[in-house]
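# Architecture and fold: a report
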Amino acid sequence: MAAGKDGGPVLVVGAGPVGMTAALTLRAAGLPVLVLEAGARDRVRPGSRALFVHRRSLRLLERARPGLGTRIAAYGTTWRTRRTLYRGREVFAQTFPRASGDGATDLPAFTSLRQVDTERFLHEACTEAGVEFRFDAEVHEVRTDGDGVTVTDRAGESWTAGHVIAADGARSGVREALGIPLEGARSDGYHVVVDVADPPGGDLPVERVFHYEHPGTGGRTVLRVPFTGGFQIDLQCRADDPPESFGTEKALRRWLPRLVGEDCAHRVLWVSRYHFLRKVAASFADPSGRVLLAGEAAHLFPPFRARGMNSGIADAVAAAEAVSAACSEPSRGPATVAGYASARRSAALYNSEAAGAALDHLRPRPWKRATQRAAAALSPVVPRCGEWLEHAPYGPRGGPARGY
Ligand SMILES: Cc1cc2nc3c(=O)[nH]c(=O)nc-3n(C[C@H](O)[C@H](O)[C@H](O)COP(=O)(O)OP(=O)(O)OC[C@H]3O[C@@H](n4cnc5c(N)ncnc54)[C@H](O)[C@@H]3O)c2cc1C
């Protein structure tokens, strides 16, 4: 199979989960790959961030590098119990049977681990697969023509390739250099996300808990998600909450113990504040069909139902397959890349719409809040009301059929 331009490597910009997945998929197709990364080699990216890795992503990773999906699943946590509470009262609970493998591959329906751990597994797999990395290389110029693409970093060094997969995240320098706008909106208010380590020798229940209008936070909604070694608390603040009321370390010392116990302060691993963004790039490829955008370089979604990283992994695989097909049959390259851009942009638009439905539930208008309240009151006698309260915060399920 032909390699990139003049036998050189395909370039991937960004060594986040999406860039590394693209690199592994390109290597699986026999192509040489160079990943250009702005950060330093020894950087540590903190925090749980994208916790859920869905089975579909595990399968894609397993295909790109046999053993990788299994390793990630074995390290992560798959909880079997999920509960929903409304103002301190349980309205829904479900525990799944233990066997969660899918038979064919024994990969679980999902696994939960901190993004920093997922990235560690990906980086190890890339190294084993012969992916080359160039750190301290922040790309800020991109020139394309019919033959290829040249990218230049801030130090003035340039690289030329037949194709570039841009996986350089939310503030993508490649997207900016190409002048491709992100279209969409940012929601009011912010979320505070906190990672708390499990207590030493502690035996906490491994369950996901969604709590509407938690009494310990003045009625703000809280999600608690376990991961290997601890759990993540996601507090949804109101549009008019000033950051100092919940989002600072001092504020955290006030409200976190009410949720997880007095002894938690020294177990806090990471705190971050973020706004919900719902944005999709106007195009997922440049007009010459040489640069493909993937992951957060191409779209930003609120995290509920874990659309961000999981759909980014799907982008990465699709982009790498398109580049690989374009290298095999150069005359069809532009059409193949256009097919990628169109398919993954429609998937992103679907995800954005689904995330919008989740947001409408999470930031309810008065009539929706009244419906939620009524459903909570009815849930002891009408179980479907509890089920609705459990499912609605994540929006509609986006399966592979809808291009997730
Ligand atoms: C505070 C926070 C909380 C989050 N919580 C969740 C969550 O709960 N659930 C969820 O699903 N998702 C969550 N996310 C989003 C999740 O982290 C992203 O979906 C995921 O990281 C996207 O992966 P990516 O590879 O596309 O981009 P990134 O992980 O951002 O990786 C991009 C890489 O490109 C590098 N880079 C950037 N610019 C350049 C350049 N010009 N040249 C070269 N390299 C460059 C960066 O250094 C980085 O290594 C959260 C994100 C944040 C910040």
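Remember, it's a predicted structure, so these values are computed and weren't measured experimentally.

This brings us to the site of the ligand. Taken together, 28 residues surround the ligand, and among them Glu-37, Arg-43, Gln-115, Val-139 and Glu-296 come closest. Within the backbone of Pro-17, a nitrogen or oxygen atom sits 3.4 Å from an oxygen atom of the ligand. Contact distances for the ligand include 2.6 Å between an oxygen atom and a side-chain N or O atom of Glu-37. Across the complex, the protein chains shield 83% of the 990 Å² of accessible surface that the ligand would expose by itself. Secondary structure elements with two or more residues in the shell around the ligand: helix H1 (17–28), strand E17 (268–274) and helix H8 (307–328). Partitioned by chemical class, the residues of the shell around the ligand number 14 nonpolar, 7 polar and 7 charged.

Take the pairing of strand E14 (residues 207–214) next. In terms of burial, E14 is largely enclosed, as 8 of its 8 residues are buried. As judged from the 4 bridges shared by E14 and strand E15 (residues 220–227), these two strands associate in the antiparallel manner. Across the sheet, residue Phe-210 finds its bridge partner in E15, namely Leu-223. Joining the antiparallel neighbours E14 and E15 is a turn of 5 residues, in which Gly-218 adopts a positive phi near 65°.

Attention now goes to the sheet that holds strand E4 (residues 81–86). Read from one edge of the open sheet, 7 strands run E5-E4-E14-E15-E16-E13-E17, paired in mixed fashion. The open sheet has two edge strands with one neighbour each: strand E5 (89–95) and E17. Adjacent strand axes in the sheet meet at a mean angle of 10°, parallel and antiparallel pairs treated alike. In this structure, strand E13 (residues 191–197) lies alongside E17, joined through 6 bridges in antiparallel fashion.

Within the secondary structure layout, Asp-153 lies in strand E9 (residues 149–153). Here the alpha-carbon distance between Asp-153 and Ala-23, two residues 130 residues apart in the chain, equals 19 Å. Leaving out residues up to four positions away in the same chain, Asp-153 has contacts with Asp-136, Ala-137, Glu-138, Val-139, His-140 and Trp-159.

This next bit is on the domain arrangement of the chain. Many descriptions give the size of an interface as the accessible area lost when the pieces come together. Once the domains are mapped, the chain shows domain 1 (10–78 + 100–185 + 278–356) and domain 2 (191–275). Taken residue by residue, the interface counts 14 residues in domain 1 and 13 residues in domain 2. When domain 1 packs against domain 2, close to 1,100 Å² is buried across both sides, 67% of that on carbon and sulfur atoms. The largest contributions to the domain 1 side of the interface with domain 2 come from Thr-77, Arg-114 and Phe-304, which together make up 38% of the buried area. Of the charged contacts in the structure, one is a salt bridge between Arg-114 and Asp-195, with a shortest N-O distance of 3.8 Å. Taken together, the connections running from domain 1 to domain 2 amount to 5 residue pairs in polar contact (both at pLDDT 80 or more). When its residues are assigned to classes, the side of domain 1 that touches domain 2 shows 7 nonpolar, 5 polar and 2 charged.

It is worth spelling out the sheet that holds strand E2 (residues 33–36) at this point. Pairing in this open sheet of 5 strands is parallel, and the strands run E7-E2-E1-E11-E19 from one edge to the other. For this open sheet the edge positions go to strand E7 (132–134) and strand E19 (291–293), each flanked by a neighbour on one side alone. Sheet twist, expressed as the mean angle between neighbouring strand axes with direction ignored, is 20°. Note: strand E1 (residues 10–13) against strand E11 (residues 164–166), 3 bridges, orientation parallel. Each residue of the ladder has a partner; that of Leu-11, found in E11, is Val-164.

Burial analysis of E13 places 7 of its 7 residues in the buried class, the great majority of the element. Every second residue of E13 is oriented toward a common face, with His-191, Val-193, Asp-195 and Ala-197 on one face and Val-192, Val-194 and Val-196 on the other, all of them buried.

Cut-offs used in this document
Residues numbered from 1 in each chain as written. Predicted model: local features only at pLDDT ≥ 70, side-chain atom pairs only at ≥ 80, totals over all residues. Heavy atoms only, no water. Near = heavy atom within 4 Å. Polar contact = N/O pair within 3.5 Å; in protein donor to acceptor, adjacent residues only side chain to side chain. Areas by Shrake-Rupley, 256 points an atom, 1.4 Å probe, with all protein chains shown as cover. Helix = DSSP H or I, 4+ residues; strand = E, 2+ residues; numbered from the N terminus. Nonpolar A, V, L, I, M, F, W, Y, C, P; charged D, E, K, R; others polar. Buried < 20%, exposed > 50% of the residue type's maximum accessible area, 1.4 Å probe, protein only. Pairing = 2+ DSSP bridges. Axes fitted to C-alpha atoms, helices over the stretch in contact; angles between N-to-C directions. Contact = heavy atoms within 4.5 Å. Domains from an automatic or database assignment. Buried area = accessible area lost by both parts, 1.4 Å probe. Salt bridge = Lys/Arg side-chain N within 4 Å of Asp/Glu carboxyl O.

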